[in-house]
Amino acid sequence: MLRTVKDAVKAYCAGYDCPNHRAQSIVWVKGRAPHLERHLGNVTIFDLTEDRIREYMRKRSEEGAGNRTVNMELLCLSRAIGHTWRELWQGVPKLDEPCDIGRALSPEEEGRLLGAASKNRSPFIYPFIQIALFTGMRCGEIRTLQLRRLDLEKRELRVGHAKTPAGEGRGLPMNPELFRIVARQIASLEKTFGKPQPDWYLFPFCKQTRPADPTRPVTTLKTSWESVRAAAKVSCRLHDLRHTAATKMAENDTPE
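Please read all numbers here as calculations on a predicted model, not as lab measurements.

So, how was this worked out
Every chain is numbered on its own, with residues counted from 1 as its sequence reads. Reporting in this predicted model follows two pLDDT cut-offs: at least 70 for local features of residues, and 80 or more for side-chain atom pairs to be given and counted; totals over whole chains, interfaces and linings ignore these cut-offs and use all residues. Derived side-chain values reflect all non-hydrogen atoms in the structure, with water molecules and hydrogen atoms excluded from consideration. Here the rule is simple: two strands pair whenever DSSP picks up at least two bridges between them. Counting from the N terminus, the helices are DSSP H or I runs at least four residues long and the strands are E runs at least two residues long. Only protein chains enter the area calculation, which uses a 1.4 Å probe; residues under 20% of their type maximum are buried, those over 50% are exposed, and those in between are partly exposed. What qualifies as a polar contact is a pair of N or O atoms within 3.5 Å, subject to a donor-acceptor requirement within protein and to the restriction that residues adjacent in sequence count only when both atoms come from side chains. Between the first and last residue of a helix there are one fewer steps than residues, each counted as 1.5 Å, and that sum is the expected span.

> Where do I start with the pairing of strand β5 (residues 210-217) in this structure?
In the case of a regular strand, side chains alternate between the two sheet surfaces. Note that strand β4 (residues 204-207) and β5 share four bridges and pair antiparallel. When the sheet's bridge partners are listed, Phe205 is paired in β5 with Asp213.

> How do you make sense of the environment of Ser227 when you look at a structure like this?
Relative to the helices and strands, Ser227 is located in helix α10 (residues 222-232). Looking at Ser227, the relative accessible area reads 32%, which means it is partly exposed. In this structure the C-alpha to C-alpha distance between Ser227 and Ile129, which are 98 residues apart in sequence, comes to 13 Å. Of note is the side chain of Ser227, whose polar atom sits 2.8 Å from the side chain of Asn120. Polar contacts involving the side chain of Ser227 include one to the main-chain carbonyl oxygen of Ser224, which spans 2.7 Å.

> In this structure, what is going on with helix α4 (residues 67-81)? I would like to understand it.
Across its 15 residues, α4 extends 21 Å between first and last C-alpha, which sits within 8% of the 21 Å expected from 1.5 Å per residue. Counting buried positions along α4 yields eleven of 15 residues, so the element is predominantly enclosed. For α4, the full list of buried residues reads Thr69, Val70, Asn71, Met72, Glu73, Leu74, Cys76, Leu77, Ser78, Ala80 and Ile81. Where α4 ends, the next residue or the one after it, Gly82, has phi of about 100°, a positive value.

> Quick question: what am I supposed to make of the environment of Lys30 here?
For Lys30, the position within the fold is in helix α2 (residues 23-40). Residue Lys30 is classed as partly exposed on the basis of its relative accessible area, which comes to 37%. Along the chain, Lys30 and Ser122 lie 92 residues apart, while their C-alpha atoms are 36 Å from each other.

> How do you make sense of unusual backbone geometry when you look at a structure like this?
Most peptide bonds take the trans configuration, and most residues that are not glycine carry a negative phi. Residues other than glycine seldom take positive phi values, yet Arg155 does so here, at roughly 55°. Tracing the backbone shows Arg155 in the loop between β1 (150-151) and β2 (156-158). With a relative accessible area of 35%, Arg155 lands in the partly exposed category. Its identity as a non-glycine residue notwithstanding, Lys233 has a phi of 55°, on the positive side.

Written out as structure tokens, the structure reads:
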């Protein structure tokens, strides 16, 4: 029987989970596995063509995964197969990885970004940036946030798919402003699609700038984000909003 990606990754994870490897390295491997199994699990090793690897890169990027994250996932896959990246996919270069480690925005830069976002034609970019600044959630975590993860009575937000196993399912309290942002977004869904359902996404799939299907998440906010950055004249990455939130939390002595 031909071995699938799921078989190879499971065997690699099982063999890696041993005293010879550091706990952090084991977590690293196990954190890559779910994404590989989700997109490539039933694909046989023989059918892992370069075109299929490029398609995996595209899908993960659309989900909000950073270039370094995608590269690490495929590096993990190559190790699970038992060959190097170059041996397996010589014609597929690794994605360019940022050399900087990110930065926190100043309050003035935050204000300019939010001001530009509030005037953008996208219906999502303003609340999206606000949620990122309040919670420190990653882009992909916000983009795929479903209503079932929102407890308006307890005012708690629970993260769905996350970059690491430790991050998945973590609960985040909603302060009054974040609660209002989430409530307005849900009200917008109700106005457009009817009674909200648990499997709906807070930021639904759009056709151009019009919400079209709440059962699918918005594919990307890259164009809107770039236009907001340009209008605000702020040079930063979307991930820097996470750095900004973490910095403010640390300054306020928020426990890790």
